[in-house]
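Each chain, letter by letter, is given below.
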Amino acid sequence: MKLSVIILNYNVRYFLEVCLRSVEAAITSIDAEIIVIDNNSPDHSCTMVKELFPSVKLIENKENSGFSKGNNIGVAQAKGEYLCILNPDTIVAEDTFTKLFKFAETQTNLGIVGCQLIDGQGNFLPESKRHIPTPKVALKKILGLTNDYYVNHIDVNNTGKVDILVGAFMWLKKEVYDAVGGFDEAYFMYGEDIDLSYKVIKAGYDNFYYGNTTVIHFKGESTLKDSKYAKRFYGAMQIFYKKHFKQNLLFNAVVWLGIKMAFLMRKNPKDVKVVPNHSYLYSMDSDLILSQKLPKPIELKDNIQLNVKNDSLIVYDFKLLNASDVIADMKQKSKQEAIVFRFLTKNCKFILGSDSASNKGEVLHF
């Protein structure tokens, strides 16, 4: 088998459904399997997977075992030569995996590959390509100097070697994952992707940012960016520094002080509520027009290239459009003011989207 797609899910039933449909479309010509590990979700995620995706291998944990352990459980049962560690709040393009296979074939020392990630508003996510967060680099980031934290010399649409990739999407050979021991289970959530990336680099492999394919990552679905998140994140960074950097009393004091400063000086993401006053539906389902939940007036469109007004909600129907075309259109229309995106996938009676990393996304049933 060529590919195992590993999806760790917790309490994002509707986003998981959309994710799985996009993955199924992306593996139609690939010898692949999908493994979903559910961390004891209370939202009927497992029932949905069993009913709608019978070919998916579902692992039902009886507790929330965290990101690292959950993914390790899934990888242990994977049969693919390659792994794709994928968040459930993502949408992949139809050609994402085939492009990555072609890229991987050109490399002789391949570690982890990450791709271009955008959020639910079509904006590029800079954590897609990062440097090693040494204490000096991390301190600069706390002070608002991010040039040494994010890899800015590689254009978002280009490809190049980087150190650190994000756990929402990681592509690598299973033998590499196993060689470095997979995710370190000392990390419950956050920091484990930094740790895995760094372990792969230290083992002598090359990590890459691959900008020739784009994946939507609806940030803030499995977890919210609240004070509990901040404590877990900075706690994870303490684990990282203790594990990978030489220790002495002065170093420990500086790291502890820096992490404490970062926690105290953190800025909560601004939640800018967009209230659109117009709707555009790129859809084959005219019943959507009858929905009382969409801003009026509503226009039904069949050409994704048409211009839209500012302050509008756009609904993309994957029965009509390819994910790759949707993603390209999002990136273009995100340059306009106050555009909100929603997504309708095959056989679903809901639309969903996410406009902020600080709040849960929106699911509208019709």
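Refer to the structure printed above.
Starting from 1, residues in each chain are numbered consecutively following that chain's sequence as written. For this predicted model, a pLDDT threshold of at least 70 governs which residues receive local features, and a threshold of 80 or more governs which side-chain atom pairs are given and counted, while totals over whole chains, interfaces and linings are taken from all residues. Note that the side-chain values use all heavy atoms of the structure and ignore hydrogens as well as water.

*Asks:* Go over the pairing of strand S1 (residues 3–9), please, and point to the residues and values.
*Replies:* Burial classification: accessible surface area is computed with a 1.4 Å probe over protein chains only, and a residue below 20% of its type maximum counts as buried, one above 50% as exposed, and the rest as partly exposed. Counting from the N terminus, the helices are the DSSP runs of H or I reaching at least four residues and the strands are the DSSP runs of E reaching at least two. Within S1, seven of the seven residues are buried, which leaves the element mostly enclosed by the surrounding structure. Burial along S1 is two-sided: the face carrying Leu-3, Val-5, Ile-7 and Asn-9 and the face carrying Ser-4, Ile-6 and Leu-8 are both buried. Sheet topology note: the S1/strand S4 (residues 82–86) ladder contains five bridges and is parallel. Counterpart to Val-5 in the pairing with S4 is Cys-84. For two strands to pair, DSSP has to find at least two bridges joining them.

*Asks:* Provide a residue-level description of the nonpolar core, including the pertinent values.
*Replies:* Note on terminology: a nonpolar core comprises buried Ala, Val, Leu, Ile, Met, Phe, Trp, Tyr and Cys residues joined through side-chain atoms within 4.5 Å. Counting residues in each nonpolar core, the largest one holds 38 residues, and the members touching the most others are Leu-3, Ile-7, Val-23, Phe-97, Phe-169 and Trp-171. Among residues more than four places away in sequence, those in contact with Phe-169 are Cys-84, Ile-85, Leu-86, Val-92, Thr-96, Phe-97, Leu-100, Val-113, Gly-114, Cys-115, Leu-117 and Val-215. Core analysis: the second largest hydrophobic core is formed by 37 residues, Ile-216, Leu-281, Val-340 and Cys-348 among them. The contact rule is simple, with two residues in contact once any of their heavy atoms fall within 4.5 Å.

*Asks:* If you had to explain the pairing of strand S9 (residues 206–217) to someone new, which residues and values would you point to?
*Replies:* Most of S9 is tucked away: 10 of the 12 residues are buried. Pairing analysis gives two bridges linking strand S5 (residues 90–91) to S9, with the strands arranged antiparallel. Across the sheet, residue Ile-91 finds its bridge partner in S9, namely Ile-216. Alignment of strand S6 (residues 110–118) against S9, held across seven bridges, turns out to be parallel. When the bridges of S9 are listed, Gln-116 appears paired with Thr-214. As judged from the three bridges shared by strand S7 (residues 159–161) and S9, these two strands associate in the antiparallel manner. Bridged to Lys-161 within S9 is Phe-208.

*Asks:* So what's going on with unusual backbone geometry? Residues and values would help.
*Replies:* Pro-297 follows Lys-296 through a cis peptide bond whose omega is 0°. Mapped onto the secondary structure, Pro-297 falls in the loop between strand S10 (279–282) and strand S11 (298–301). Positive phi, normally seen in glycine, also occurs at Asp-311, with a value near 55°. Following the sequence through the fold, Asp-311 ends up in the loop between S11 and strand S12 (312–317). Overall, the relative accessible area of 33% leaves Asp-311 in the partly exposed class. One non-glycine residue with positive phi stands out, namely Ala-338, at about 55°. Along the chain, Ala-338 turns up in the loop between helix H10 (323–333) and strand S13 (339–344).

*Asks:* Explain the packing of aromatic side chains to me, and be specific about the residues and the numbers.
*Replies:* The way to describe two aromatic rings as a pair is by their centre distance and the angle between their planes. Aromatic contacts are taken between Phe, Tyr and Trp rings whose centres are within 6.5 Å, Trp giving its six-membered ring; a plane angle under 30 degrees counts as stacked, one over 60 as edge-to-face, and the others as tilted. Taken as a whole, this structure holds 17 aromatic pairs when the rule is applied. Relative to Phe-183, the ring of Phe-67 lies with its centre 5.3 Å away and its plane at 75°, an arrangement referred to as edge-to-face. Here the residue Phe-67 occupies a position in helix H3 (residues 67–76), and Phe-183 occupies one in the loop between helix H6 (174–179) and helix H7 (192–202), the gap between them amounting to 116 residues. For the pair Tyr-82 and Phe-101, a centre-to-centre distance of 5.3 Å together with 85° between the ring planes defines the contact as edge-to-face. Taken together, the positions of Tyr-82 in strand S4 and Phe-101 in helix H4 (residues 96–104) put the pair 19 residues apart, joining distant regions of the chain. By the ring-pair criterion, three or more aromatic residues cluster together here, those being Phe-15, Phe-218, Tyr-282, Tyr-316, Phe-318, Phe-341 and Phe-343. Here, a charge over a ring is recorded when the distance from Lys NZ or Arg CZ to the ring centre is within 6 Å and its angle to the ring normal is within 35 degrees. Over the ring of Tyr-209 we find Lys-129; its NZ or CZ atom is 5.6 Å from the centre of that ring.

*Asks:* Go over the side chain of Asp-193, please, and point to the residues and values.
*Replies:* With respect to the helices and strands, the residue Asp-193 is situated in helix H7. Once residues lying within four places of it in the same chain are set aside, the contact partners of Asp-193 are Arg-130, Leu-165, Val-166, Gly-167, Met-170 and Phe-183.

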